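Secondary and tertiary structure notes
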Amino acid sequence: MFGTLRGFEVSLFDEFRRLQRQVDDVFASDVHHSFARGVFPAVDVISNPQQVEVYLTAPGIDAKGLDISIQQNVLSVTGRREAQVQNKGSVHRQERFSGEFRRVITLPEDVDPSRVSASYVDGVVRISVQRREAAKPRQIEIH
Amino acid sequence: MSISAEVAGNLTSAGVNGRQAPVTETVLRPAVDIFEDAEGVTLYADIPGVSKERLNVHVEGKTLLLEGTVQPAGGSQVESASTRYRRSFALSRELDPERIEAKVKDGVLTLRVPKRAENRPRKIEIQ
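Everything in this summary refers to the structure shown in the same document. Worth saying up front: this structure is predicted, and the values here are computed from it rather than measured. Residue numbers run consecutively from 1 along every chain, following the written order of its sequence. Each chain takes a letter, starting from A, and each ligand takes a number, starting from 1, following the order in which they are written. The model is predicted, so local features are restricted to residues of pLDDT at least 70 and side-chain atom pairs to those at 80 or more, both for listing and for counting; the totals for chains, interfaces and linings are taken over all residues. Hydrogens and water are ignored here; the side-chain numbers use all heavy atoms of the structure.

Overview of the overall build of chain A
Heads up, the condition is: Helical segments are the DSSP runs of H or I of at least four residues, strand segments are the runs of E of at least two, and each set is numbered from the N terminus. To sort residues, take the accessible area from a 1.4 Å probe on protein chains only and compare it with the maximum for the residue type: under 20% means buried, over 50% means exposed, and anything in between is partly exposed. Here, two residues are considered to be in contact whenever any of their heavy atoms come within 4.5 Å of each other. Surface accessibility follows the Shrake-Rupley procedure with a 1.4 Å probe radius. Residue values consider only the protein chains on display as shielding.
For chain A, the helix and strand inventory stands at one helix and nine strands. When the helices and strands of chain A are placed in sequence order, the string is α-β-β-β-β-β-β-β-β-β. The buried share among the 143 residues of chain A stands at 34%. Here the analysis covers contacts within chain A between residues at least 6 apart in sequence; of these, 48% occur between residues at least 24 apart. Counting only carbon and sulfur atoms, one obtains 51% of the accessible surface of chain A, whose full area is about 9,100 Å².

Looking at the side chain of A:Glu53
Residue and element names in this part refer to chain A. Short version of the rule: In the analysis that follows, any N or O atom pair within 3.5 Å is treated as a polar contact, provided that within protein one partner can donate a hydrogen and the other can accept it, and provided that, for residues neighboring in sequence, both atoms belong to side chains.
Along the polypeptide, Glu53 turns up in strand β3 (residues 51–57). Within the structure, the side chain of Glu53 is placed 3.0 Å from the side chain of Gln51, a separation counted as a polar contact. Side-chain polar atoms of Glu53 contact the side chain of Tyr55, separated by 2.9 Å.

So, the pattern of salt bridges
Here is the rule we go by: Here, a salt bridge means any side-chain nitrogen of Lys or Arg that lies within 4 Å of a carboxyl oxygen of Asp or Glu.
As enumerated under the stated definition, the model contains 16 salt bridges over all chains in all. Taking the shortest distance from any N to any O, the salt bridge between A:Glu100 and A:Arg80 comes out at 3.1 Å. Highlighted residues: A:Glu100 in strand β7 (residues 99–106) and A:Arg80 in strand β5 (residues 74–81), separated in sequence by 20 residues. The exposure class assigned to A:Glu100 is exposed, which follows from its relative accessible area of 59%. For A:Arg80, a relative accessible area of 40% gives the class partly exposed. B:Lys105 is the salt-bridge partner of B:Asp106, the closest N and O atoms lying 3.6 Å from each other. Via salt bridges that share partners, A:Arg81, A:Arg96, B:Asp33 and B:Asp46 belong to a single interconnected network.

Details of empty space enclosed by the protein
Worth spelling out the cut-off: A cavity here means a set of 1 Å grid points, computed over protein atoms only, where a 1.4 Å probe fits but cannot escape. A pocket is an open set with protein on both sides within 12 Å along at least 5 of 7 lines, and lining residues have an atom within 4 Å of a point. Grid points are joined across faces, edges and corners, and a volume is the space filled by probe spheres set on the points.
One pass over the structure, following the stated rule, counts one cavity of 30 Å³ or more. As a volume, the largest cavity reaches approximately 40 Å³. What lines the largest cavity is simply A:Arg81, A:Glu82, A:Ala83, A:Gln84, A:Gln94, A:Arg96, A:Phe97, A:Ser98 and B:Asp33.

Description of the sheet that holds strand β3 (residues 32–36) of chain B
Just so we agree on the cut-off: A pair of strands is considered paired only if DSSP assigns at least 2 bridges between the two. All axes are obtained by fitting lines to C-alpha atoms, using only the stretch in contact for helices, and the reported angles, taken between N-to-C directions, cover 0 to 180 degrees.
What the five strands build is an open sheet, ordered β6(A)-β3(B)-β4(B)-β9(B)-β8(B); its pairing is antiparallel. A single partner strand is all that each edge strand has here, and the edge strands are β6 (90–94) of chain A together with β8 (101–105) of chain B. On average, adjacent strands in this sheet sit at an angle of 15° to one another, irrespective of strand direction. As judged from the five bridges shared by β3(B) and strand β4 (residues 40–46) of chain B, these two strands associate in the antiparallel manner. In the sheet register, B:Ile34 faces β4(B), and the bridge partner there is B:Leu43.

In structure tokens:
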């Protein structure tokens, strides 16, 4: 499927990710990466007690054409990236993704689907979904 | 041909000390499209999360180097891991590195490298 070098890179990458996950665990942050090569767009999910943030690295898309929807705690993002059109001359490399894509991301169950916002900056789609009050840790004061 | 790809290390794990410095760094090789026409070469590179200020396009001798750092998203939680894009290309002699044009929009870098005047086809007008 892949050449030897590619295979080596991938396994090294996986190993690195595993290490990074351990580092993340040590620092008690809650960061999930989905960074497999060939998947477009790559997705990162970062959660804290207030909200869940989903980052999709989707450079060069028409953000207005994105279809972002959420049903309960399932977020789905559908869009398309146009291929660079080259009418004259020759193609030396064509590695960049083109065509339609769809990612479905299951979020924690306590997200509030009515409080979602999205932005697109530097080719990264950021979707923040607020979590319900009840799910936030509450500090109980002793009087 | 004109631009051939060569890549230095795909990954580094930088053990940087100091409170502000990232603990780990991932170096990614951006995906590119390269097209050639009679007047020059156009390169598109995916560098999501890299703003204009954090992008470096550098020519040294025959080597074109693209380097960009991803703006850390989401504040303190992702400071432990930072991402950088880096890829270098060898420019052939028919290209003119003095006249490279670069722009970045929505995480896509577009580079236009024209051919030297003597390597471009000349249309001769009939009087």
